[in-house]
Amino acid sequence: MGARTNMKREKHIEAAKAAAAALGARTLNPDILFGRASKDDIELYSGEMLAAAAAHAMAEIEAWDGSTPRVTVTTLADVKPQGQPVSVLSVTDRNQPFLYDSVMGEVTSTHRDIHLAVHPILVVAPGETPKLFSPDEDSDPAHRVSHIEIHLSELAPAEAASLAERIGNVLNQVHLAVDGWPAMLEKLDSTLADMARYAKDKPGKDEALAFLDWLRANNFTFLGMREYSYSGKGEAATVERGGEGLGILSDPDVRVLRLGKDAVTTTPEILEFLEGPDFLIVTKANVKSVVHRRAYMDYIGLKRFDEKGKVIGELRIVGLFAYTHAAGQIPLLRSKVEAVIEHFGYDPKSHSGKMLINTLESYPRDDLFQIDTGLLATFCEQINELSDRPRIRVLPRIDRFDRFVSVIVYVPREQYDSDVREKIGNYLKSAYDGRVSAYYPAFPEGGLARVHFIIGRSGGKTPRIPQPKLEQAVREIATRWTDRFEALTNAEGGRLDTHRGYQEDFTPAEAHADLALITTATAESPIRIAFYRKAWNTDLTSVELKIFHAGEPVSLSQRVPLLENLGFSVVSEQTHDLTLVGLDGEQRRVILHDMELRQRDGQEVNLARLSPMLEEAFLAAWHGEVDDD
C-alpha cells in the first residue's frame, strides 16, 4: 500500500515538473514542495495546478525579507481542484519550533475546508536555489526557512485580510515564546536557587524543588514568565508587576487571569497562595494558548523569597505540560498518588491494587494537579466500581474560587455518540450557569466512554448540585428514546417505530400516554384526536391539537376549515409518520398531525373545561353528524 501511494504521489509530482518546465517561470522544485503532501489531497490537482502553486511558493520565498514573517492569502486563478477556486495561505519565516502547529491551529479554528497543506523546511542560502533541509547535512541555521502553504476554499477579501492578520498575531507570539526560551530557563534557575537557599525548610519544599527540576527537563513548554512583587497582608495585600516579562508575557497587555469577565493582575486564589504554606501553585490560566496547541494554558506560580526567607512576590509561569511520564513519577502528583493508594491499603500486585493504579494513571492530568486528595479518593472508588457494572457516573469538582466546574462523565459506550455528548454539555452548562469551555472524550478499556467537561463561569456562587441529580439527568439524556419507551410499555402488544423528529418533539412518557389513541386508530375507525397544551406554552389563547389518522395523512383542506369554524387559526404544524408493529410482525401506519392553534378573537382557552367539548364538536363535524359551519 505504501509503495502504491508513493508511486501515485510521484506520478503527480512528475506531471508538475513537466508543467513547471513549460511554465517558463521560476518554481520551487515540486519534489521539495509536495514530496510529503497527502496522497489523497494531491490527487485532486493536475500537474498544471501543482506547477502554478510551486511558482507561487517560489515568488513568496523570494519576496521574503529574511527576518519578518511573510504572510499572504492569495487566490490563484489557475489552481482549482475539482473545479473549486482556492485561496492559498502562504507563511514564510525563519525555521523554529511551533510554527506549523500554531498556524494550523489558527486556521482550523475558523476553517474546515482545507484542500492541501504542505510545510517543507528549506535551506535558502544567498544566490543559491532553495533545497530541502536535512538534519544529516551541515547548514547555517540562519539559512533554514519554513515555508507553509495551506489551500482553503476561496475567501472573500475581508476574510483573507482577517486571516492574514490573525496569523501574524500568532507568529508574533511564537517568536516571543521561542526567542524568550533561554531567558525563561535562566530565570527559572535563579528562582529555584533562591528557593533552595532562602526558603525555610518546611514540608513540601523538597517536593516543590523536585517538581521544578522536572519541569525544566523538557516536561513543560514555557511560553511566558513575569515577576510580581507582594506586600501587605489580608485585605491590605497588594500584588504588582515587577520587571520585564519574558516570552508572551513580555507584552504588557497580555493577561492570563480573569475575575468574572475582567482581566486582572491577581485573584483571591493567588493571594491565598502567597499567604499560605505552599511553595508553588499549579492551576489553569483563563486564556488559551495560540502557540503549539489550542488549550487553556497551565499556570504555575512560584513564591519568591528574600535573604531572610520572607515571601516577597511570585514568579508567574504560563505554558503547556508535556505529559510523557506516569503520574506516580511526577513530583507533586506522586505524593498525591501515594496518599490515595495508602488510603485504600490495597496490595499493589492484587487486582484491586492494579485497578486503582490504572485509575490514577488514566485520571485527567490537569485535574489531578488541582483536586484535593480526599475528593480524589472518593472519585477513584466510584470509578473502580464501574469495572464491575458499567453505568452512568458523573463526578463534579467545583473550583474553589468559582471560576469553573470540572465534570468527568462516564457513559456506557453503546449509549454514547457526539449527539449525546453535546446534549450532556448543554445540560451541564445550564445546570451550572456557565459555558462549555472545553471537553475531552476518551475511551478507556471496558464498556465505557468518558468525557471530561470544563464548564467555565463568569461570576457568582457556583450552584451545588447533588451527584444523584446530575446522574439522573445524564441517564435520561444517554438512555435511548426507544429503550425508555419500551421500559414504560414492556412492549405489550408489539412496538412503535418512530423517527428522530418525533422523538425530539415528544418524550417517551408523552408517547406512552398517546398509545391508546395510536393503537385504536384503525382502518375501520381511522381518526383519533386530543387537544392539549405543551408544558412550555404559557399563552392561554393558544392550544395544540394531535390528529392521529390510520393509513394516510389528512389533507389541510379537510382540517383547516373545520378548525376555523371552531374559532381557531392554524399557526403551524408538524407531521410524523408512525408505524405500529404487532407481535405477529404485521405493520400498520398511523400519521400524526401535531398542530399549533390560536383562538382567533384572542380569548383565553380554558382547556381543562373545554377540551371534551372541542373534541366532541370536531369529531361530530368530521363524521357529518353536524354541519361544519
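Provided above is the structure to which this section pertains.
Residues numbered from 1 in each chain as written. Predicted model: local features only at pLDDT ≥ 70, side-chain atom pairs only at ≥ 80, totals over all residues. Heavy atoms only, no water.

Topic: the side chain of His576
Stage number 1. Here His576 is to be found in strand 21 (residues 568-581).
Stage number 2. Apart from the residues within four sequence positions on either side, His576 is in contact with His499, Gly501, Tyr502, Asp505, Phe506, Val590, Ile591 and Leu592. (Helix = DSSP H or I, 4+ residues; strand = E, 2+ residues; numbered from the N terminus. Contact = heavy atoms within 4.5 Å.)

Observations regarding the sheet that holds strand 14 (residues 393-398)
Stage number 1. In space, the four strands of this open sheet follow the order 14-15-17-16, with antiparallel pairing throughout. Either end of the sheet is taken by a strand with one partner, and the two such strands are strand 14 and strand 16 (435-442). For this sheet the average axis-to-axis angle between neighbouring strands, irrespective of direction, equals 15 degrees.
Stage number 2. The sheet contacts of helix 13 (residues 373-385) involve strand 14 and strand 15 (404-412), and relative to strand 14 the element is tilted by about 170 degrees.
Stage number 3. Along the sheet face, helix 14 (residues 418-431) touches strand 15, strand 16 and strand 17 (448-456) and points at about 35 degrees away from the line of strand 17. (Pairing = 2+ DSSP bridges. Axes fitted to C-alpha atoms, helices over the stretch in contact; angles between N-to-C directions.)

Some details on the pattern of salt bridges
Stage number 1. Under the definition given, this model contains 34 salt bridges.
Stage number 2. Here Arg294 ties to Glu106 by a salt bridge, and the two come within 2.3 Å at their closest N and O atoms. Of the two residues, Arg294 sits in the loop between strand 11 (280-288) and strand 12 (296-305) while Glu106 sits in helix 5 (residues 99-108), which places them 188 residues apart along the sequence.
Stage number 3. Taking the relative accessible area as the measure of exposure, Arg294 reaches 35% and is therefore partly exposed.
Stage number 4. A salt bridge links Glu471 to Arg393, with the shortest nitrogen-to-oxygen separation between them at 3.3 Å. Note that Glu471 is positioned in helix 15 (residues 467-478) and Arg393 in strand 14, a separation of 78 residues in sequence.
Stage number 5. Among the residues examined, Glu471 registers a relative accessible area of 8% and is labelled buried.
Stage number 6. Classification of Arg393 by relative accessible area gives buried; the value is 7%.
Stage number 7. Where salt bridges share partners, they join Asp419, Lys423, Arg500 and Glu504 into one cluster. (Salt bridge = Lys/Arg side-chain N within 4 Å of Asp/Glu carboxyl O. Buried < 20%, exposed > 50% of the residue type's maximum accessible area, 1.4 Å probe, protein only.)

Focus: the packing of aromatic side chains
Stage number 1. This model, assessed by the stated rule, comprises 17 aromatic pairs.
Stage number 2. Taking 6.3 Å as the distance between ring centres and 55 degrees as the angle between the ring planes, the aromatic pair formed by Phe211 and Phe321 counts as tilted. With Phe211 in helix 8 (residues 205-216) and Phe321 in strand 13 (residues 311-321), this pair connects stretches of sequence that are 110 residues apart.
Stage number 3. For Phe321, a relative accessible area of 2% translates into the label buried.
Stage number 4. Between the NZ or CZ atom of Arg197 and the centre of the ring of Tyr198, over which it lies, the distance is 5.3 Å.
Stage number 5. We note Lys546 situated over the ring of Tyr532; from NZ or CZ to the ring centre the distance is 4.6 Å. (Phe/Tyr/Trp six-rings, centres within 6.5 Å; stacked < 30°, edge-to-face > 60°. Lys NZ or Arg CZ within 6 Å of the ring centre and 35° of its normal.)

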